[in-house]
Amino acid sequence: MADPLIPSQRAEYSAIVDRPPLKLPNNARVIFWTIVNYEVWDISRPMARQVIPAPTGQVLLPDVPNWSWHEYGMRVGAWRFYELFARLGIKPTLAANARICEDYPRVAEQAKKDGWEFMGHAYDQLPIHKNEDQAAMINRSMEVIEKFTGTRPVGWLGPGLTQTLETPELLKKAGVQYIGDWVYDDEPTVIKTNEGPLVTLPYTVELNDIPMMIVQHHESDYLVKRAIDQFDRLYLEGKDRAKVMALAIHPYISGQPHRIKYLEAIYDYVKRFDGVLFWNGVQILDWYKSVAGDKLK
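Residues numbered from 1 in each chain as written. Predicted model: local features only at pLDDT ≥ 70, side-chain atom pairs only at ≥ 80, totals over all residues. Heavy atoms only, no water.

**Section: the overall build of the protein chain**
Selection rule: Strands are runs of DSSP state E lasting at least 2 residues, helices are runs of H or I lasting at least 4, and numbering of each runs from the N terminus. We compute the radius of gyration over the C-alpha atoms and compare it with the globule rule, which gives 2.2 Å times the number of residues raised to the power 0.38. The rule is simple: take the accessible area with a 1.4 Å probe, protein chains only, and divide by the maximum for that residue type; under 20% is buried, over 50% is exposed, in between is partly exposed. In what follows, a contact means two residues having at least one pair of non-hydrogen atoms within 4.5 Å.
Within the protein chain, the regular secondary structure consists of ten helices and nine strands. In summary, the protein chain has a C-alpha radius of gyration of 19 Å against a globular reference of 19 Å for 297 residues, a match within 12%. For the protein chain, the C-alpha atoms occupy an extent of roughly 55 × 50 × 40 Å along the three principal directions. In the protein chain, which comprises 297 residues, the share counted as buried stands at 55%. For the protein chain, restricting intrachain contacts to residue pairs at least 6 apart in sequence, the fraction spanning at least 24 positions comes to 72%.

**Focus on the packing of helix α8 (residues 222-237) against helix α9 (residues 260-270)**
Note the following rule: Axis definition: a line fitted to C-alpha atoms, limited for helices to the stretch in contact. Angles are taken between N-to-C directions and run from 0 to 180 degrees. Each angle is binned into one of four classes, with values under 35 degrees roughly parallel, values over 145 roughly antiparallel, values of 65 to 115 roughly perpendicular, and all other values oblique. In this scheme, a crossing is called left-handed if the near helix is turned counterclockwise away from the far one by less than a right angle; it is called right-handed if the turn is clockwise. Each residue gets one of three labels, nonpolar for Ala, Val, Leu, Ile, Met, Phe, Trp, Tyr, Cys and Pro, charged for Asp, Glu, Lys and Arg, and polar for the others, Gly among them.
Where α8 meets α9, the axes come as close as 9 Å, and the angle between the chain directions of the two elements is 25°. Classified by the angle their axes make, α8 and α9 are roughly parallel. In the packing of α8 onto α9, the handedness of the crossing is right-handed. The segment α8 lies against α9, with L223, V224, A227, I228, F231 and D232 engaging Y262, A265, I266, Y269 and V270. A breakdown of the residues in the contact of α8 with α9 according to their chemical character gives ten nonpolar, no polar and one charged.

**Focus on the environment of P4**
Along the chain, the position of P4 falls in the segment before α1 (7-10). Taking the C-alpha atoms as reference, P4 lies 30 Å from T93; in sequence the two are 89 residues apart. With sequence-adjacent residues up to four places away left out, P4 is seen in contact with Q9, L165 and E166.

**Some words on the packing of aromatic side chains**
Convention followed: In this scheme Phe, Tyr and Trp rings, the latter by its six-membered ring, pair at centre separations within 6.5 Å, and the angle between planes marks the pair as stacked below 30 degrees, edge-to-face above 60, and tilted otherwise. We call a charge positioned above a ring when the Lys NZ or Arg CZ atom is no farther than 6 Å from the ring centre and deviates by at most 35 degrees from the ring normal.
Tallying each qualifying case throughout the model produces 23 aromatic pairs. Where W79 meets Y82, the ring centres are 5.0 Å apart and the plane angle is 55°; that geometry is what we call tilted. Linking W79 with Y82, this pair stays in helix α2 (residues 64-88), spanning three residues, or about one helical turn. The buried category is assigned to Y82, whose relative accessible area is 5%. Ring geometry for F231 against F273: centres 5.0 Å apart, planes inclined by 70°, an arrangement best described as edge-to-face. With F231 in helix α8 and F273 in the loop between α9 and β9 (276-277), the pair connects residues that are 42 residues apart, well separated along the chain. On the basis of relative accessibility, which here comes to 0%, the residue F231 falls in the buried class. Members of the aromatic cluster, joined through ring pairs, are F32, Y38, W79, F81, Y82, F85, W116, Y267 and F278. Lying over the aromatic face of F148, K112 brings its terminal NZ or CZ to 5.6 Å of the ring centre.

**Some thoughts on the side chain of Q125**
If you trace the backbone, Q125 turns up in the loop between β3 (117-120) and α5 (134-149). Beyond its immediate sequence surroundings of up to four residues, Q125 is in contact with E39, V40, W41, R45, A48, R49, N97, P159 and G160.

**What about the nonpolar core?**
The test is simple: What makes a nonpolar core is a set of buried Ala, Val, Leu, Ile, Met, Phe, Trp, Tyr and Cys residues whose side-chain atoms join them at distances within 4.5 Å.
Ranked by size, the top nonpolar core spans 70 residues in total, and within it Y38, F85, I100, W156 and Y267 carry the most contacts. Ranked by residue count, the leading element in this core is α2, at eight residues. If you look at the next biggest cluster of nonpolar residues, it comprises 25 residues, including I31, A248, I284 and Y288.

**Thoughts on the pairing of β3**
So the rule is basically this: Should DSSP find at least two bridges between two strands, the strands are regarded as paired.
The two faces of β3 match: E117 and M119 on one face and F118 and G120 on the other face are all buried. Examined bridge by bridge, strand β2 (residues 93-96) and β3 share four bridges and lie parallel to one another. The partner of L94 across the bridge, within β3, is F118.

**Some thoughts on the layout of surface pockets**
In this approach the atoms are scanned with a rolling probe the size of a water molecule, which exposes any empty space left behind. What counts, and what does not: Two kinds of site are reported from a 1 Å grid over the protein atoms alone, namely cavities, where a 1.4 Å probe fits but cannot get out, and pockets, open sets with protein on both sides within 12 Å along at least five of seven lines, and residues are called lining when an atom falls within 4 Å of a point. Grid points are joined across faces, edges and corners, and a volume is the space filled by probe spheres set on the points.
The volume enclosed by the largest pocket comes to roughly 370 Å³. What lines the largest pocket is a set of 18 residues, among which A11, E12, S14, T189 and V190 lie closest to the centre. With three residues, the top contributor of residues to the lining of the largest pocket is strand β6 (residues 189-191). Of the residues assigned to the lining of the largest pocket, the class counts are nine nonpolar, two polar and seven charged.

**Structural notes on the environment of G57**
Among the secondary structure elements, G57 is positioned in the loop between β1 (30-38) and α2. The spacing of G57 and K172 is 115 residues in sequence and 41 Å in space, taken between C-alpha atoms.

**Comments concerning α9**
Of the residues making up α9, those classed as buried are I260, L263, I266, Y267, Y269 and V270. Of the surrounding elements, those touching the buried residues of α9 are β1, α2, α8, β8 (243-249) and β9.

Quick look at the structure:
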């Protein structure tokens, strides 16, 4: 691709206070967007993350302890998520490595049965920069999920939120309508691509259990404190303009026995408030399309 656009060329700077406020149905204030991340870590590669470093400080292959830490999420932690969201009546967005449909069909089938939205999350957990043919990987991912679920995903989240400068065009060509990689706003926005406009939804690296628990090493209950602080401010501001609060979780982290009660406590708190919509990415996209006007032309 010749002369790819840099982010500032795709999205001109926009102060949120200078925009007309977006309004939600029935005077709702906040959209609470839950994103569950299911991944496949290939044992032949260095693990995507480490909970325990190698004794020598060097990456060793195969990395069985860190691979099996992730595997706990697919064998056990995921089922805590299914129980929680079924009880709450919430159908989250599932950021799915397409390979879960092949390697973990039992897990993927439960998400499909429960009506979760499948969002593309690459084929497996490998940074987009490491794919020799990015376009082929994106199309393969979309096609595997479409074949498994019967519906082609409209959303995309890069593994580790990775993109190259060419990625937005390749996603748009593959049929993607929204992305979560641009964590720069409280509202949906539109970015330019050579294939037409692409919507960004407010995903999060701040209310994400990877940086909070695994990188920053907070205690398990800190997830509740930060989530409540985030919600309280957005709910206050949501009186005047719609806000989106995202929460990103992984079954090998928040699905652990010592953390799951804190995830449950977040929803117990937020459920007390009127004017909160527990929407997935497709629902947010459809609403935004209805209020965005000429931005999507």
